[in-house]
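Residue-level structure breakdown
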Amino acid sequence: MIAIQPAKSFDLSLDQLPPDKSLSHRAFILALLTNKPSVVHHPLCAKDCLSTLATSKALGLGVQKKRHTFKLTPPRDFLRFSEPTKPLNCHNSGTTMRLFAGLLSSSQTLRQHYVLSGDSSLNKRPMGRVIVPLTQMGARIDGRAQNSLAPLSILSTPLHGINYASPMPSAQVKSAVLLATLQASSPTTFSEPFLSRDHSERMLKALGANIQISDQRITLEPLSKPLESFEWAIPADPSSAFYFALAVVLVPQSRVLLQNILLNPTRIEAFKVLEKMGAHVEFYPKTQEIEPVGDIYVEHRSLKAVQIQENIAFLIDELPALGVAMAVAKGVSVVRNAKELRFKESDRITTTLTNLQKMGIECHALEDGFEIVGSSLKCPKEPLESFGDHRIALSFATALLTCGGVLKNATCMAISFPQFLEILGRIVPLKVADGS
């Protein structure tokens, strides 16, 4: 249980926000495919990314850690991964399971057996969206519920490239197909209806893969040699930083400077939505290498309602937090084309609205989104629930800054943001009870 008091105005400069989750996952995976050791500075060491790191180690990645720097040594033989004696535990990380499903499906030489499993939440999340294109490439993957759910049994086998038009924009599906193509016998062309997060293709291009990128269409050639080794410093995660932008718009006369943030256009859409709602938001780009990095400044303004039905793939992690912002905006806000929210760690349409209703907000579920009537958040008479979903926990711990209250089962915050309560404590005193 976390008891949170109503907050007074604050002025913060945050320079130690969590490193980006998406970049950390991909750095740990791509290090398996390089020609010599790589170095990653300040990766995210939260539960999801540690699942990816542990899986990479089980496949033969050498890992040496010194403070916040990781030296990652690839297996001695290129594309020859170890065959683990037990299932690879992805815990709660859908990224880990879906990306490794792609990487491990393909083999030009040895046929090896892998099992990918996770916790009860992950083993209920849809995997068919990844299995379908991989099977078209020749993959041999078996799962529960007619190959739609984990655990996944994978027998690596020679694959061929395909021309695949994804029915949905999904960075995880795209990344799985790209990783499978690296060992295939022919190129793959992948397209999606709208651009999803583009970290995988940016990284592959930077490391020497033969990849052509044009809007929502990618063509990738199989690897003829290892990827180039790399040294990367991981910038701060905009999805995690967004909770403190939300805090600013909830608490009058507040402001925050978020430093060293990943400014990839596919990742800062939530800040642009806040700006559209009336918040004062400024972007200060600083560097542009593989990814753009800079600072974001947010200052409190009263909010107005917004209609969201485009760029949903850019917003999928932040929509619960945006739902909280909509709850204090003037007018009726509507989110559509976001059915994917129902298939995350929780049904985030239901869980977001359940907590908002406890805080006195009129809101309605739609099949593919929600409708929220802006008002003022009230102290809930009973504790809010995280539903075991880190995005819900983070969103509603922040929401309680407006009126105070209790959030239970909040330990799941550590999946993406282990230091959240420490930083929140700079805004308002917290009382944490063990055993939540």
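Residues numbered from 1 in each chain as written. Predicted model: local features only at pLDDT ≥ 70, side-chain atom pairs only at ≥ 80, totals over all residues. Heavy atoms only, no water.

- The protein has the name 3-phosphoshikimate 1-carboxyvinyltransferase in an unreviewed UniProt entry, where Helicobacter mehlei is given as its organism.
- Database annotation for the protein, UniProt heading Sequence similarities (unreviewed entry): "Belongs to the EPSP synthase family."
- Within the UniProt record for the protein, the comment given under Subunit (unreviewed entry) is "Monomer." (UniProt positions renumbered as here; feature names shortened; annotations may be inferred.)

Describing the side chain of E299
- By the secondary structure assignment, E299 is in strand β17 (residues 292-299).
- Within polar-contact distance, the side chain of E299 engages the side chain of R301 at 3.0 Å.
- Dropping the residues within four chain positions of it, E299 is found in contact with V248, S254, R255, A279 and H280. (Helix = DSSP H or I, 4+ residues; strand = E, 2+ residues; numbered from the N terminus. Polar contact = N/O pair within 3.5 Å; in protein donor to acceptor, adjacent residues only side chain to side chain. Contact = heavy atoms within 4.5 Å.)

Some points on the UniProt feature "binding site: 3-phosphoshikimate" (unreviewed entry) in the protein
- According to UniProt, the positions carrying the feature "binding site: 3-phosphoshikimate" (unreviewed entry) are K21, S22, R26, S170, Q172, D317 and K344.
- Take Q172: it is sitting in helix α6 (residues 171-181).
- Excluding residues within four positions of it along the chain, Q172 makes contact with G94, T95, R98 and L99.
- Among the polar contacts listed, one links the side chain of Q172 to the side chain of R98, at a separation of 2.5 Å.
- Positionally, D317 belongs in the loop between β18 (307-308) and α10 (319-327).
- Excluding residues that lie within four positions of it along the chain, D317 makes contacts with R197, S239, Y243, K344, R348 and R391.
- Side chain to side chain, D317 and R197 meet in a polar contact 2.8 Å long.

Concerning the domain arrangement of the protein
- Taken domain by domain, the protein consists of domain 1 (2-18 + 235-432) and domain 2 (21-233).
- The gap between the C-alpha centroids of domain 1 and domain 2 is 29 Å.
- Of the residues lining the interface, 25 residues belong to domain 1; the matching set on domain 2 comes to 24 residues.
- Of the roughly 2,000 Å² buried where domain 1 meets domain 2, counting both sides, 54% is carbon and sulfur surface.
- At the junction of domain 1 and domain 2, the tally comes to four salt bridges.
- Applying the counting criterion to the domain 1 and domain 2 interface returns seven residue pairs in polar contact (both at pLDDT 80 or more).
- Classifying every residue of the side of domain 1 that touches domain 2 gives twelve nonpolar, five polar and eight charged. (Domains from an automatic or database assignment. Buried area = accessible area lost by both parts, 1.4 Å probe. Salt bridge = Lys/Arg side-chain N within 4 Å of Asp/Glu carboxyl O. Nonpolar A, V, L, I, M, F, W, Y, C, P; charged D, E, K, R; others polar.)

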